[in-house]
Every structure is written in structure tokens, then in C-alpha cells.
Amino acid sequence: MVFSSNVFLLYFMPIFFLVYFLTPKKARNYILLLASLVFYAYGAPDFILQLVGSTVANFFLVKWMCKTEKPGLKKLLCGLSIIIPIGLLLFYKYGNFTMENLNLILGLTGHTPLTWRRILLPIGISFFSFQSVTYTLDTYRGVNKPMEKLTDFVLYITMFPQLIAGPIIRYCDVADQIRNRESNMSDRLQGFYRFVIGLCKKILIADVIGAQVDAILGPANFSLLDPGQISEIFTRVAALDSTTAWIVSLAYTFQIYFDFAGYSDMAIGLGRMMGFKFPENFDNPYTSGSITEFWRRWHMTLGAFIMNYLYIPLGGNRKGKGRMYFNLWVCFLLSGLWHGASWNFLVWGALHGFFICADKLFLGKVMKKIGKVPSVILTFLLVNLIWVFFRVEDFSLAWLLIKRMFAFEFTLLPFSANAQLYTTMIVAAFFSFLTLTKFGQKVQEKVYFTDYTDGQHIAVWVVAAFAFVFCVAALNASDFSPFIYFRF
Amino acid sequence: MKTTTKTILFALSAVLLLASMLQNWLNWPRFKPLKGVVVEEPKPKLTFQNCCDGSFQQQVEPYLKQHFGCREPLIRLYNQYLWDFYGKTPVTEGQVLFGKDGWMYEPWVVADHYQRQFRQYASDSTQMAMMLTLEAEQLLQLQQLLEERGIHLFVCMAPAKDLIYPEYLPENQDTRFDNEPKISARFFNEKEYTRLGINHLNLEQWFLQIKDTADFMLFPKTGTHWSKYAALQGADTLIRYMEHLGGINMHNLVIGPRELGKAQDPDDDLESLLNLARPLPKPKYWYAEVRADEDTTATKPKMIVIGDSFWWTIAFQLPFGEFFSQIPYWYYNSSVYYYPPYDSVAELDFAEELLSADFIVLFYCATQQYRLNDGFTQKAIEVLANINDSIAFDSVAFIEREIKRTVAKLLADPSSMDMIREKAAQRNVSIEQALHDDAEWVVNYQIEQGLMNWPSKQRIKNTKSENHGIQ
């Protein structure tokens, strides 16, 4: 189940909150747990038993790990507790990728390719497997005590607001809130506003832009297309003038941000309505003056996870500069692969790793010298170019799009030709770069992080209520195209 | 005090979230229904099995999109936003084109104006011409078979908006496929019907003549069908034509006082597809009550109408009972209207219905001439061929046409043509000969297997072909 669906917005969410708030405080975690399991089972009925099974196993392994005094056994149990979620992640997410590449090698070396049944990827596995790892490691390191109640641990792993698209919540950040949390009316209302902001980002910006990107680049995954359809996409991209090619790439740059940030906002908002304080996941990433800064602002919970559970264990910067660059690059390669099991994600991660290293070597200094605005523009354009490899799975198509962008065959496109796309992109750009100004920073502070007065609550509520209604309307009307009469 | 405000707002949030579900459950308040037709999504039935395999979940979202509470005002709200800000709604992406001065056209009507519509029905203009000729020849045979039984068959071509009002057509629509051969069924059929002597009434040509002298608009600005005024003119002409064709006296139309008023269905059918919250500004249209005169000598024939939606504009106005004894309407030769208890052509005794009619009219708009009467002609001939009466059936002509039709189909299929070229080379005959032989084999095969409703059950004589594997 996704947040931007009728099932969630018009049925699941209202019923859940009605029951949740009518239930005595002590029993609310059970309601949330039950709802989370229903939420996940609805989207991935095949996988729910494995999710619950592996979570229960982890709970007892960690409990045992904490009880035992033997260091060897402690390490073994810690390893085992990490292997279970990571093993599931590797199997489900990278099984097909591994087999495809293995068969490619077998074919090239004259061997018979192996047959296998394609594995369906359970939604959210990348997120909850990482959360499970944070639980094990935080407990192992003594940062937090293990959960006493099994239901609390299952709730931490499966909590529906962040289950399928993050933010990745470290155990230490939320452990106390699961056991005991307060939610006042202000939290509930501000959570609702935050949810609606996220919904607007997703439905009114990302989906509108995304439809236009798909119309040119086709679906992100070509596996469902026949050769004729793929060839049509290539022909279409090859015929693009440079203006349109840039518009397509910029459109995707905004789409991915508003989609992902919108989803995070919705998760944070839903959590806040229940009294949870989930960590922020985005901090105006397109206002970054370097790739390093970009990664401090983009998908911050993933960055924190990689820093704490991969970069530092690999040695971080403690083992010399050469090793530091190597560690950084490995982290970004794996980060790329975490986003998706195909080579284009690896290339995307590798490019980011390369520019992070370049930042540390010289690029960071250059960016500082040229000033804030030019460095933001250059970083944005660089990020925009690298997103092409993220969006287009086929490497030759990605390269073709980049070639069209730099073919310098610019044409003047009338605004009226695609007014909705251009308007939406302007709105997206406005909100992406708003915080470059002090005024924008004040607005952000006021909207997101300050308590409202009664009058402000009323005004914001009216806007939020209309926005919610408008989003539901957009969700359902955007593809409503009836006929006058049936024509047989 | 502060808590009270927040509590009220929180309660209002709950009401907001529950509003859609409650409206759906209570069916209150009721909203103005949305216009247009869509394919209804079936209501998914929840079972353990379909929930586990995910099929229930896949069906729920499309179903809810059509059935969630408060749907109508929400869709109109978003459409109005799109219209006000961008001058479009989802239907304008494919179903409505905007011409000059706010005039609206259906895309296929515009496509036909530039003779490109045939691409939906045939691979090229040559094949389309072949199909239209065969249909016309078959129509002639049907006309003769019916005439011998005292039934009058005729074609009535309703006018299309693009030809009557080309001055408002959208710009930049005539450039695509400019260098390729084109064909327009409306002009092609007119020539063929005249050449073969098929009874036909071309209202489009007549409307072109009266356009400048007509008192009112023949097509509404925001509709695709002819105006109610034009439809009455058409109905009057149709009745006069029937009198002439059948040598009978029918009732005349008596038109009551004319009134100018707001657009009535279907005069704004294209606009209504936009499903906006506010109606668009448009001129007033002419409406009047219609009845039959009191001529006691007039007869009321039974007429079967096989046609498209242009007939509705007549049907919505004309009190049929005053002009016809019965007037079943076979919509696209599929659904049946005005003929209880029948709903579908498949339910009818086809032969009995044909023989009980005084008139049969093939009533399609000029831009729908590619549809070849939705298979009616072919089916009617097959049925009449099997009626055991004294009237002769020209089986040779029928078979020759079937072979030609099959040749046209084979020509349009590249893989079949590859095989035929191969066979022609193997047998050392021309491609044309191989093509004809295979088509003949296919027709024989259909007759032998009972796939064609054929009376003689005999193989075509002088067949040269063997089983060449084309099926």
C-alpha cells in the first residue's frame, strides 16, 4: 500500500487514526502494530510471514546476545543477527541481478546459462533490513538496551509510516518513543500539516512531472517492454533537441526529489500525529555548494547509516588518506547498489563517490572560491547530470540523452506547449532553492519547526484541508477520460 | 482556550479524513453525476485466496477510483483547475480537440478531414479502397435480396462537423503523413453508391448546400453531433426520402414554437466530457416540440436502424410512435434500443427481424463509413442465403467477393504475404495467382468447416489450391 492511493488516504488512514485515538494510550502500540502488519501484508502478502519470522528471530538472537557473557558467542550472535536481514536483502534484491550477470558470463564463456525463477522484490526490504541492523549493532555497542517486549521490537521494524520508504530510523533514535511517548493536539495538527505537505509534493509536483518524463524516457525498467517499444524510446530520445533534453533531465531531477522528500514528509507527519519524532531525511539538497554538502542534505538517514555502520567500521579516515578515499568510494558504490540492483545505480554511486573524493582533493576549495550561488548552480547541474544514470537503466540510452543535452541544438519552446509541466517545474525550482535566501529560511523554520498560534493554526488548517482535498482530486481526476458514448 | 481551538481543528481533520467514506456509505449528499462513459471496473470480491495472491489488491485501486465518496465534485474541481490554468483537462489529451473561437472537435473527425482516419482500419489507402468497394458490392447484393422481398434498404450518411464547419478546425493538424496516399471513405462511398445504384441519402452534401441559408447552427460549438435543429431537418428529409423510395405516404413533421435556450444534451456533449465545475460560455441553441401531422391516410412503417450515435439526436426529439409502427435501433449492430424486451442483436432472430421490416437504414456519420456497417451486410446476406424461399441467391457473386475480401486481408498481413511469395516461387506462378489460390482455399475451408453461414455446403469449383497452411 502506498500513501498516495485511495485505499490509504480514504480508508486505511481515517480508520486507523479513528481507532488509534479512541483506544486507551496503553493499547495504542498494539493497534499501531496490527495496522502496520495489515499495511505490509496488503502490499506484500507473500512476504509478511518472512518479515515477521526474521524479526522475531532477530529479537531473540539479540536478547541472547545481551545475556551471554562469552565474547565469542556474543560476536557470533551479533553476526547471525545481522546476516538474517542482510541475507534476505541480498537474496531478494540482488538475486536476479546476480543470476543475470552470472548467465551473461556463462554465455560469453560458452557455457550453458542457468535457469532460475525470477524473484519478486518485497517492498520496503531495503529499509527494514537496515533498521534491523541498527538495532543489533546499537545494542551490541551498548548504545541502547534491547527491547523488553517482542511486540515493541516488531513494531519498531514494521511501523507503517516509515516501513516502505524510510526515513531509516536508527534504533537509538526511536527506542524511548516506542516505550513511552506523548502526543498533544499541536503535534497531531502539525503532523497532519506535514503529511499534507508531503502529499502535495508527491501528487501535485512529482507525479505531474513524472508523467511527462515517462512519456519521453519510457518506464524506468525496460524489462517489461518489447524490442519495438525500446527502439521507439531510443528514436524519440535521439530526435530530442537540446532544450527538450535539458527539460527532461531537469524534470527528473525535481521529480526524484519531490517524490522522495514528499514520502519522507508524509512518514514524518504520520509519525508526529502519533507522537513520534522521526529524524529529518532532506534538508534542501539542491541548495548545496558541493557534492559533499549534497550528501549531508540528501537522504540524510541513509547517509547517517552508511557513516555509522559502514564508513567508520571500514576505518573511516583513521587509516590514511588513500584508505579514506577508498572507503568513501566503496560506501558510495554500495549506496548506489542499495538504491537498485542494476549497473546504472552502481555507475550513479560511483560518480558520486568520485566527486566526493574530488571535493576532498581540490573541488571543494574551488567551489568555495567561486562563491555560494555559482557553486550551488554548478553542483545542481552536476547532480542533474548524474541523475540521468539513476533514471535510465539502459546505459546507452542515458548516454544518448546526455549527448542530446550537449548537442547545442537549442530551440525556443513556447510556454503554452506544455504549460502545466513548465509551471510545475518553476514551482518545484522555487521551493527547491527558496532557502538560499534568508526569507526562505525563515519561512521554512516557521512552517516546519515552530509552534503555531491559534490563529496560525486556523489559517494553516484551512490551507492544509483544501490541499488534502485537492490532492485526492488530482489523484483521481488526472486519468479520468470518459467517452461520449461507447463505440463498440 | 487554546486547546479548544486545536481540539476543534483536530476533530475537523477527522471529519475531513472520514468524509469520503461517509458520503460513500450514506450516499448523502448526492452530487451531479459525471458525464461520459467509462469501462466499469468490476467490484473485487475479497477472499483469502485473492488477498494472498495480491489480485484483490490490484483490483481495489481501479475500482475505488470509480467509486470513492465525493468523487464527482472532486473530479470537477481538479478539471476546473486544469482548465482555468492550462486550458486543458484529461479528455483534451485524446478525446477533444480545440479549434478556433472555442469550437471543439473529436480527434478522429479532424483526422478524417485530412483523410488520415483510415489508418485505424487498414494498413494503407489501397487496402481501404478495396475493403470499401467490396462492402459496397455486398451492399448492392443485399439491397437486391431485400428488394425482392419488398424491403427497402438504404444508406443515410449523417453530416460530420469537420466538413460543415471547417473554418473553426484546429490549426496544425494537416501536416502529418502529408506525403502518403490518403483516402476518405465518405467521398469514396458516395461515388461507389452512385456507380452501383445503391439507395443512399447523403445528408452531408445536402447540409453543405443549406449551411449558409440555415436559420440556426447545424452543429453546436461544443458538441460533436449535429444540433437538434439540424437533426430535425435531417429527420424530415429522411422521411421524405422513405416516401419516395417506398412509394408510400408518411406523416409530416409539425414543429411547434421555436425557442432559444441553454444547450441541452447532446448539444454540449464534448464540453460535458470536460466535466468542469462551471459551464463554458456559449451561444443559445434552438429547441422546439415536434409531433406528427394528423394525416389519416399516412402509413407507419417498421424501420430497423443500424447506426451510430448520430441517430440519438433524432431519437431524443422525434415521437417515434407517431411516425413508425416500430423502430428498433441496432446501435453499432450490437446493442438494441426501443425494442423491448431485447437488449442485444445477438438475442434477436435475425432472419425474422429482417423480413418483418419495411425499411432498413444504415445510418452512420460520414466519418464512420470505415466501419463497414459493423458486419451487418455480411451477416444479413448469410442469413438471407439460408432462407428457403423462391428468391434466387447469387452465390457466385458472393463467393467472388469473399475471395476478394480474403485477398485484402492477406495483403495486409506481412507474414502471410511472405509465405505466399515463397509458395509462388515454389510453384512457379505469379504472386497474384498464389494469392488468389490461397484466398480461394481459405473461403472453401470456412464453408466446409461451417465457419461461414453458407447454404450450398459445396466446395468452390475449379479450385487450384491445396492446403497451404494459411488459416
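So, here's what we can say about the structure. (Residues numbered from 1 in each chain as written. Chains lettered and ligands numbered in written order. Predicted model: local features only at pLDDT ≥ 70, side-chain atom pairs only at ≥ 80, totals over all residues. Heavy atoms only, no water.)

1. Looking at the packing of aromatic side chains
Using the following cut-off: Aromatic rings from Phe, Tyr and Trp, taking only the six-membered ring of Trp, are treated as a pair when their centres fall within 6.5 Å; an angle between ring planes under 30 degrees marks them as stacked, one over 60 as edge-to-face, and anything in between as tilted. The cut-offs for exposure are 20% and 50% of the maximum accessible area for each residue type, with area from a 1.4 Å probe on protein chains only; residues under the lower value are buried, those over the upper are exposed, and the others partly exposed. Our definition puts a charge over a ring when NZ of Lys or CZ of Arg is within 6 Å of the ring centre and also within 35 degrees of the ring normal.
What the rule picks out here adds up to 111 aromatic pairs over all chains. Relative to Phe320(B), the ring of Trp311(B) has its centre 5.8 Å away and its plane inclined at 10 degrees; by these criteria the two rings are stacked. Looking at Trp311(B), the relative accessible area reads 0%, which means it is buried. Of note, Arg188(A) hangs over the ring of Phe10(B), and the distance from its end group to the ring centre comes to 5.2 Å.

2. Quick notes on the interface of chain B and chain A
Rules: Residue contacts follow a heavy-atom distance rule, with two residues in contact if any of their heavy atoms lie within 4.5 Å. Here the quantity called buried area is the accessible surface, traced with a 1.4 Å probe, that two parts lose on coming together, added over both. Should a side-chain nitrogen of Lys or Arg be within 4 Å of a carboxyl oxygen of Asp or Glu, the pair is scored as a salt bridge. Counting of polar contacts relies on pairs of N or O atoms within 3.5 Å, with two restrictions inside protein: one atom must be capable of donating a hydrogen and the other of accepting it, and residues adjacent in sequence are counted only when both atoms are side-chain atoms. Secondary structure counts use DSSP, requiring at least four H or I residues in a row for a helix and at least two E residues in a row for a strand, with both numbered from the N terminus.
At the junction of the two partners, chain B supplies 62 residues and chain A supplies 49 residues. Here chain B and chain A share an interface that buries about 5300 Å² over both sides, 70% of which is from carbon and sulfur atoms. Sorting the residues of chain B by area buried against chain A places Phe10(B), Leu17(B) and Tyr78(B) first, and these three jointly supply 14% of that buried surface. Applying the counting rule to chain B against chain A returns 1 salt bridge. With a closest N to O distance of 3.3 Å, Lys65(B) and Asp479(A) form a salt bridge. Counting across the chain B and chain A interface gives 13 residue pairs in polar contact (both at pLDDT 80 or more). Those elements that provide at least two residues to the side of chain B that touches chain A are helix H1 (2-26), helix H2 (48-52), helix H3 (55-67), helix H4 (71-86) and helix H11 (269-274) of chain B. If one sorts the elements of the side of chain B that touches chain A by residue count, H1(B) sits on top with 14 residues.

3. Some remarks on helix H2 (residues 28-43) of chain A
Here is the rule: Multiply 1.5 Å by the residue count of a helix minus one, and that product is the helix's expected span.
For H2(A), which comprises 16 residues, the first-to-last C-alpha distance of 23 Å matches the rise-based estimate of 22 Å (1.5 Å per residue) to within 8%. Burial in H2(A) covers these residues: Arg28(A), Asn29(A), Leu32(A), Leu33(A), Ala35(A), Ser36(A), Phe39(A), Tyr40(A) and Tyr42(A).

4. Remarks on the side chain of Arg194(A)
Residue and element names in this part refer to chain A. Here Arg194 is to be found in helix H9 (residues 185-217). For Arg194, the side chain forms a polar contact with the side chain of Asp265, separated by 2.7 Å. Once residues within four sequence positions are removed from consideration, Arg194 is found in contact with Asp265, Met266, Ile268, Gly269, Glu280 and Tyr448.

5. Observations regarding the pattern of salt bridges
All names here are of chain A. Per the counting criterion, the structure on display carries 32 salt bridges over all chains. The residue Arg170 makes a salt bridge to Asp138 at a minimum N-O spacing of 3.9 Å. On the criterion of sequence distance, the pair formed by Arg170 in the loop between helix H7 (160-163) and helix H8 (171-179) and Asp138 in helix H5 (residues 125-140) is long-range, its members being 32 residues apart. Residue Asp138 is classed as buried on the basis of its relative accessible area, which comes to 0%. Arg194 serves as the salt-bridge partner of Glu280, at 2.7 Å between the closest nitrogen and oxygen. In this pair, Glu280 sits in the loop between helix H11 (242-273) and helix H12 (291-297) while Arg194 sits in helix H9, placing the two residues 86 residues apart along the sequence. Exposure remark for Arg194: the relative accessible area of 9% places this residue in the buried category. Salt bridges linked by common partners bring Arg194, Lys201, Asp265 and Glu280 together as one network.

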